[in-house]
Amino acid sequence: MNVDQTPAAADSWRRLPAAQQPAWPDPDALRAVTDEIESYPPLVFAGECDELRDQLAAVARGEAFVLQGGDCAETFDGVTADQVRDKIKTLLQMSAVLTYATGVPVVKVGRIAGQYSKPRSQPTEIRDGVELPTYRGDSVNGLAFTPEARRPDPERLKRMYHSSSATLNLIRAFATGGYADLRQVHEWNRDFVAGSPIGERYERLARDIDDALSFLEACGADPKQFHSSAIFASHEALLLDYEAALTRTDLRTGSPYAVSGHLLWIGERTRQLDGAHVEYASKVRNPIAVKLGPTTTPDDVLALIDRLDPDREPGRLSFITRMGKDRILDVLPELVEKVTAAGAQVAWICDPMHGNTFSAPSGHKTRHFDDVLAEVRGFFDVHHALGTHPGGIHIELTGDNVTECVGGGDEVLVGDLHRRYETACDPRLNRFQSLDLAFQVAELYRERPLTSGFARQPVAA
Ligand code: PEP
Ligand code: CO
């Protein structure tokens, strides 16, 4: 093993304000748990994080595309072979379509194996006059609206570790054990096209992929990449006591790494420049992403680059923009222009989910497929106009046929939402909507093909 015990760098955040931390009722109990977690083996290895950083560097250079996706909030009950398999299957299917359409490698990153903690807009929730702490993810408390379930319980941090470990074990098996074979993945896509009401629309793309695979087979090409696929794990680095307990020094390089997941991101609510989350992330060598909402200023972004990527190392820093479909065209161009002018090479990723949430009359929090697609289109348009690279998409999705987002080719109506509304937090695209999105994004790409060696300087408007 090439990782050592928790380094001091993991603790510098403690002197700064940390937003969105649970009010743990018993600090000694929390301490006992984090001491125990410090003795656990790493969930991921430094070398794997470096591999992801290299792949994201290709994205930052315009030579690869990222697909990041998974639940808004994973749950302990959701750690079943079937559910994890179906999420991986959906990611692999989307990735096959996107690889063909973009003509560049697709970096596959799950919101998975650690995505158990949620920032909330309110600390408490009131129902029928009863006020209780809000649900902050399975790592903190339970979703049921009872005082017992909602009380933060640090023992849950151990369960988060073990659930992440079981999930990673399944992912590693699916990624290399034949499940990720490209022919197999393409067969599933063929089934999707044949069985979907708007499948005809995607028939041509599926046939083109068939032809490409047959051609390669006829040539005798059978590279190992056709039989397995690297899938990386990411989550929001929210609970800093947990992250600190899972920080280790890499003995090869002497650098600290978060070993709770390959890529960690900082959320829109915790990206304060003088806050604890940015401080923690600045100390670890993993690839880091930061969510950027519509109020982000160019100064914020430039300061984040100075804090998190002082060496301007491609692959180190990604920005996940979540502006909303109505704001993206106004807000994104200036941010991209200023970052480009500052000489930073970041990966730009579009999260078309978090700026497009609304409440249906039934009270369900939902998103419309068309709004999601509209934000992705805006993202492509902005990058196309500036000559920069639209580096990827970040999606809340599941492999199940839930009814949480409305619209899509196999349309979910507002009146259907109650049928299978299963998310513990935000509404996810179901399996069908996710594949539909991948095909639509593929079409967007084909309309605006990637030019290799795209212009680094912004083009005049
Ligand atoms: C999320 O990704 O689930 C999330 C809370 O996003 P944001 O920080 O962008 O609001
Ligand atoms: Co969410």
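Residues numbered from 1 in each chain as written. Chains lettered and ligands numbered in written order. Predicted model: local features only at pLDDT ≥ 70, side-chain atom pairs only at ≥ 80, totals over all residues.

A. Summary view of the packing of helix α11 (residues 328-341) against helix α12 (residues 369-386). Relative to each other, α11 and α12 sit at 40 degrees, their axes nearing to 10 Å. It follows from the interaxial angle that α11 and α12 lie oblique. Crossing of α11 over α12 shows right-handed handedness. Two secondary-structure elements touch here, α11 through I328, L329, L332, P333, V336 and E337 and α12 through E375, G378, F379, V382, H383 and L386. Split by residue class, the contact of α11 with α12 holds 8 nonpolar, 2 polar and 2 charged. (Axes fitted to C-alpha atoms, helices over the stretch in contact; angles between N-to-C directions. Helix = DSSP H or I, 4+ residues; strand = E, 2+ residues; numbered from the N terminus. Parallel < 35°, antiparallel > 145°, perpendicular 65-115°, else oblique. Left-handed = near helix turned anticlockwise from the far one by under 90°. Contact = placed C-beta atoms within 7 Å. Nonpolar A, V, L, I, M, F, W, Y, C, P; charged D, E, K, R; others polar.)

B. Spotlight on the nonpolar core. Grouped together as the largest cluster of nonpolar side chains are 114 residues, with contacts concentrated most on V66, L98, I171, V290 and I349. Ranked by residue count, the leading element in this core is helix α3 (residues 81-102), at 10 residues. (Core = buried A, V, L, I, M, F, W, Y, C linked by C-beta atoms within 7 Å. Buried ≥ 20, exposed ≤ 12 C-beta atoms within 10 Å, placed from the backbone.)

C. Quick look at unusual backbone geometry. Phi is positive for Q20, close to 65 degrees, though the residue is something other than glycine. As for its position among the elements, Q20 is in the segment before α1 (27-38). In this structure, A113 is a non-glycine residue whose phi angle is positive, near 60 degrees. Mapped onto the elements of the fold, A113 is located in the loop between β2 (106-111) and β3 (124-127).

D. Geometry of the packing of α1 against helix α5 (residues 155-176). The geometry of α1 relative to α5 is characterised by a closest axis approach of 8 Å and an angle of 25 degrees between their N-to-C directions. Taken together, the axes of α1 and α5 lie roughly parallel to each other. Here V33, E36 and I37 of α1 come into contact with α5, specifically with E155, L157, K158 and Y161. Residue classes in the contact of α1 with α5 are distributed as 4 nonpolar, no polar and 3 charged.

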